[in-house]
Amino acid sequence: MDYEKLGLKVGLEIHQQLAAQHKLFCKCSIVKADEVLLEVKRKLRVVAGELGEYDPAALYEFLRGKVFNYKVNKYSSCLVELDDDPPREINGEALATVLQICKLLNCKILDEIYVMRKTVIDGSSVSGFQRTALVGLDGGIETLSGNISIGMICIEEDSAPAITKEAGIVEYRLARSGIPLVEIATGPDMHSPEQTKEVAERIGLLLRSVSVVRGIGSIRQDINISIAGGERIEIKGFQELERIPQAVENEVNRQLALMQIKDELHKRGIAAFRQPQDVTHVFRNTRNNFLRKIISENGKVFGAVLPKFAGLLKKQCGDRTFGKELASYAEAYGYGIIHSDEDLEKHELAGEFVKLREELKPEEHDIIVITAGRNPEKAVQAIMARAKQCLIGIPKETRAADGLGSKYTRPLPGSERMYPETDIPPVRITKQFLASVEVP
C-alpha cells in the first residue's frame, strides 16, 4: 500500500512498569501474591465532570451494568487500593526514574507535578479512576527514520487485570493495581507499519537503561492510527514488537473497507432506520438449541432491520468481516448476533426468518439481525447505532489487540475524564532535585 498517499499517521503510547520498593501511592510491596484473603464486590457509576459533561467511554461502561469482584491479598494490597484510605505521598523512587526518562528523551520538565484523576469505570480501578501526573513535555528521540516527537511523559498507577468475565460479573486481582508506571506518548509522526515497530523498539531499548520491570506484561504499547478521511483509532494491549506492523496494516485495511461500505450505502440511497422489535414469539417453537434455551429461561429475542445492508456484512474489514465488527458491539454487552445473510439452514432458523420477513417487512437490499438473551435491548441498540455510523464514516473507538487485528471495546474517551486529585499535594521539582537525577 502507498501509505503516504493514504495519509497514514501513527502515534504510540508506551506503558512501562517501574521497578520500585513499593507501589505509587502506598507502602505495599510489589509482589505476586495469589492467596485470596478478602473479596469485595462493587458496581461503579458514572458522574459528570466539572463542566457538567459525561465522558463517553465512562458512560458506555456504566450502561453495560457490570458487577466487579475484587480479590485481595494483604501482602500486595491495602485500603488505598480498595479506596477506603486516602493515598500516601507519591513514590519518590519511581518519580526519580521518570525524571531520568524525561532527560533521556529531551523533555521539558514541569516545575510542579500535579496528580490528576482519570475516570476509568471498566472495573480495573476500584475507585473508578486512575491517578496520573504529567511530568515532561515536548521531547524527542532520534531514530533511523528521523526525529520522533515525544508529546508527553506521565507517571501513573497501573490498573488491575481482569481474571474472569462471565454473566455480567468481572473478577479482578489487585496485586498489580497501584504499581508505578511511566506513560510515554509520541506524536503522530510514524507513517508506515515498519517505522512504527522501529520507534517502539527504540524507546523500549532506551527504557532498559533505567530501573524498570522486565518481562511479558511489564510493558504495553497502545497504537493510535488514522488515515485521510478517517478517524483516530486507539488499539490497546500490544506486548510483542513483531505484531505491530501487522496490526497497523490490518487497521488501515479495516478503515479503507469501512469507507467503501459508506460509499456503497450512499449509492443505494439512505433509508430510515426503524426501532428494533421484540420478536420472541416467532421463535417459541424453534429447533435452534441456543434460542430455545434462552426462551425457556424467560429470555427475549429482539430483531432489527438494517436498511440497504444486504451483502455488506460479508465484506472483509481487515482480518474479519463487517458482520463480526457489528457482533463485537453486541459482544460488549455479553450477546451475539445472527443475521439473514448467514447460512440460516446451519442455525436451523430458515423458517423463523421467513416469518420475520413477513413481520418486519424488510425492503430490497435490507437485512434482518437478531440478538437474544435476558435483556438484549442495549445490545441491539448498540448494533443499530453502529450501523447508522456507517452512513457518516469511521467512529472514534478504543479497540483491543485480538488475533491478527483488533476488536471494539468502547468509545474513545474525551477530555471530560480528567479532574484534579485533591488528596495529594503538588510535588515541587527544584533545580537541586533535578540536578541530582543522573542520566544513565
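Please refer to the structure higher up on the page.
Undergrad: Just checking my understanding: could you explain the overall build of the chain for this structure?
TA: Tallying secondary structure elements over the chain gives 10 helices and 23 strands in all. Its C-alpha atoms give the chain a radius of gyration of 24 Å, within 12% of the compact-globule value 22 Å for 440 residues. Along the longest, intermediate and shortest principal axes, the C-alpha atoms of the chain span 80 × 55 × 40 Å. Counting all 440 residues of the chain, 52% fall into the buried class. Partitioning the contacts of the chain with sequence separation of at least 6, the portion at a separation of at least 24 is 76%.

Undergrad: How should I be thinking about empty space enclosed by the protein in this particular structure?
TA: Rolled over the atoms, a probe with the dimensions of a water molecule shows which regions are left empty. According to the stated counting rule, one finds six cavities of 30 Å³ or more in the structure shown. Computed from the structure, the largest cavity encloses a volume of approximately 160 Å³. Every residue lining the largest cavity is counted, 18 residues in all, and those nearest its centre are Glu81, Ser125, Arg131, Glu157 and Ser177. Of all the elements, strand E7 (residues 129-143) adds the most residues to the lining of the largest cavity, at three residues.

Undergrad: How do you make sense of the state of the cysteines when you look at a structure like this?
TA: Here a disulfide denotes one covalent bond, and it connects the sulfur atoms of two cysteines. Scanning the entire structure with this criterion turns up zero disulfides. The cysteine cysteine 107 is free of any disulfide, with cysteine 102 supplying the nearest cysteine sulfur at 4.9 Å. Cysteine 390 takes part in no disulfide bond, and the closest cysteine sulfur, belonging to cysteine 317, lies 8.3 Å away. Of the residues examined, cysteine 390 reaches a relative accessible area of 3% and is grouped as buried.

Undergrad: Sorry, what's going on with the sheet that holds strand E18 (residues 338-339) here?
TA: Backbone hydrogen bonds hold the strands of a sheet together, and the pairing may be parallel or antiparallel. Spatial strand order, E14-E15-E19-E18: four strands in an open sheet with antiparallel pairing. Every other strand in the sheet has two partners, leaving strand E14 (277-278) and E18 as the edge strands with one partner each. This element, helix H6 (residues 289-296), spans strand E15 (300-306) and strand E19 (367-373) of the sheet and lies at about 50° to E19. Where helix H8 (residues 350-360) meets the sheet, it contacts E14, E15, E18 and E19, and its direction lies at approximately 110° from that of E19.

Undergrad: Just to check I follow, could you spell out the layout of surface pockets for this structure?
TA: Here the second largest pocket defines a volume of roughly 350 Å³. If you trace the second largest pocket, you find 18 residues lining it, with Gln16, Gly204, Arg208, Ile219 and Leu241 closest to the centre. Breaking the lining of the second largest pocket down by element, the ones donating at least two residues are helix H4 (193-207) and strand E12 (219-226). The biggest single contributor to the lining of the second largest pocket is H4, with five residues. Classifying every residue of the lining of the second largest pocket gives eight nonpolar, six polar and four charged.

Undergrad: Would you take a moment to explain a nonpolar patch on the surface for this structure?
TA: A surface patch of nonpolar side chains, about 370 Å² in accessible area, is lined by Val31, Leu37, Leu38 and Tyr75. Assignment of secondary structure puts leucine 38 in strand E2 (residues 38-42). With relative accessibility at 42%, the residue leucine 38 sits in the partly exposed group.

Undergrad: Would you mind going over the pairing of strand E3 (residues 67-72) with me for this structure?
TA: In regular strands, side chains alternate between the two faces of the sheet. Counting buried positions over the six residues of E3 gives five, a clear majority of the element. In terms of strand pairing, E2 meets E3 through five bridges, oriented antiparallel. Among the inter-strand pairings, lysine 41 is bridged to a residue of E3, identified as asparagine 69. Of the pairings in the sheet, the one linking E3 to strand E10 (residues 169-173) comprises five bridges and is parallel in character. Within the sheet, the bridge partner assigned to lysine 71 lies in E10 and is arginine 173.

Undergrad: Explanation requested: the side chain of asparagine 224 in the structure shown.
TA: With respect to the helices and strands, the residue asparagine 224 is situated in strand E12. Here the side chain of asparagine 224 touches glutamate 13 through a polar contact of 3.2 Å, side chain to side chain. With sequence-adjacent residues up to four places away left out, asparagine 224 is seen in contact with Lys9, Val10, Gly11, Glu13, Arg232, Ile233 and Glu234.

Undergrad: Hey, could you run me through the environment of serine 149 in this one?
TA: Assignment of secondary structure puts serine 149 in strand E8 (residues 146-157). When the C-alpha positions of serine 149 and alanine 330 are compared, they lie 38 Å apart, and in sequence the two are 181 residues distant. Separated by 2.5 Å, the side chains of serine 149 and aspartate 189 make a polar contact.

Undergrad: Whenever I open this one, the packing of aromatic side chains confuses me. Can you help?
TA: One pair of aromatic rings is described through two measures. These are the centre distance and the angle between the planes. Applying the stated rule across the entire model yields six aromatic pairs. Ring centres of tyrosine 70 and tyrosine 172 lie 5.7 Å apart, and the angle between their planes is 25°; this geometry places the pair in the stacked category. Of this pair, tyrosine 70 sits in strand E3 while tyrosine 172 sits in strand E10, and the two are 102 residues apart along the sequence. The interplanar angle of 15° and the centroid separation of 6.4 Å between the aromatic rings of phenylalanine 309 and phenylalanine 322 together place this pair among those described as stacked. Remark: phenylalanine 322 occurs in helix H7 (residues 322-331) and phenylalanine 309 occurs in the loop between E15 and strand E16 (316-317); sequence separation between them is 13 residues. On the basis of relative accessibility, which here comes to 0%, the residue phenylalanine 309 falls in the buried class. Take phenylalanine 322: its relative accessible area is 0%, and that puts it in the buried class.

Undergrad: Explain unusual backbone geometry to me, please; I cannot follow it from the model alone.
TA: Working note: non-glycine residues mostly have negative phi, and peptide bonds are mostly trans. If you check the backbone angles, asparagine 298 has positive phi at about 65° while not being a glycine. The backbone of glutamate 348 shows a phi angle near 55°, a positive value even though the residue is not glycine. By the element assignment, glutamate 348 lies in the loop between E18 and H8.

Undergrad: Is there a simple way to think about the packing of H4 against helix H5 (residues 244-268) in this case?
TA: Helix packing for two helices is described by the angle between their axes and how far apart those axes are. With their axes 8 Å apart at the nearest point, H4 and H5 run at an angle of 140° to one another. Relative to H5, H4 is oriented oblique. Seen from above, H4 lies across H5 with right-handed handedness. Residues Pro193, Glu194, Thr196, Lys197 and Ala200 of H4 touch H5, and the partners they reach there are Ile244, Pro245, Val248 and Glu249. Each residue belonging to the contact of H4 with H5 can be placed in one class, and the counts come to five nonpolar, one polar and three charged.

Scoring rules and cut-offs
- Residues numbered from 1 in each chain as written.
- Predicted model: local features only at pLDDT ≥ 70, side-chain atom pairs only at ≥ 80, totals over all residues.
- Heavy atoms only, no water.
- Helix = DSSP H or I, 4+ residues; strand = E, 2+ residues; numbered from the N terminus.
- Rg over C-alpha atoms; globule rule 2.2 N^0.38 Å.
- Buried < 20%, exposed > 50% of the residue type's maximum accessible area, 1.4 Å probe, protein only.
- Contact = heavy atoms within 4.5 Å.
- 1 Å grid on protein atoms, 1.4 Å probe; cavity = no way out; pocket = protein on both sides within 12 Å on 5 of 7 lines; lining within 4 Å.
- Points joined across faces, edges and corners; volume = space filled by probe spheres on them.
- Disulfide = S-S within 2.5 Å.
- Pairing = 2+ DSSP bridges.
- Axes fitted to C-alpha atoms, helices over the stretch in contact; angles between N-to-C directions.
- Nonpolar A, V, L, I, M, F, W, Y, C, P; charged D, E, K, R; others polar.
- Patch = residues over 30% accessible without salt bridge, like charges linked within 9 Å, V, L, I, M, F, W, Y side chains within 5 Å.
- Areas by Shrake-Rupley, 256 points an atom, 1.4 Å probe, with all protein chains shown as cover.
- Salt bridge = Lys/Arg side-chain N within 4 Å of Asp/Glu carboxyl O.
- Polar contact = N/O pair within 3.5 Å; in protein donor to acceptor, adjacent residues only side chain to side chain.
- Phe/Tyr/Trp six-rings, centres within 6.5 Å; stacked < 30°, edge-to-face > 60°.
- Parallel < 35°, antiparallel > 145°, perpendicular 65-115°, else oblique.
- Left-handed = near helix turned anticlockwise from the far one by under 90°.

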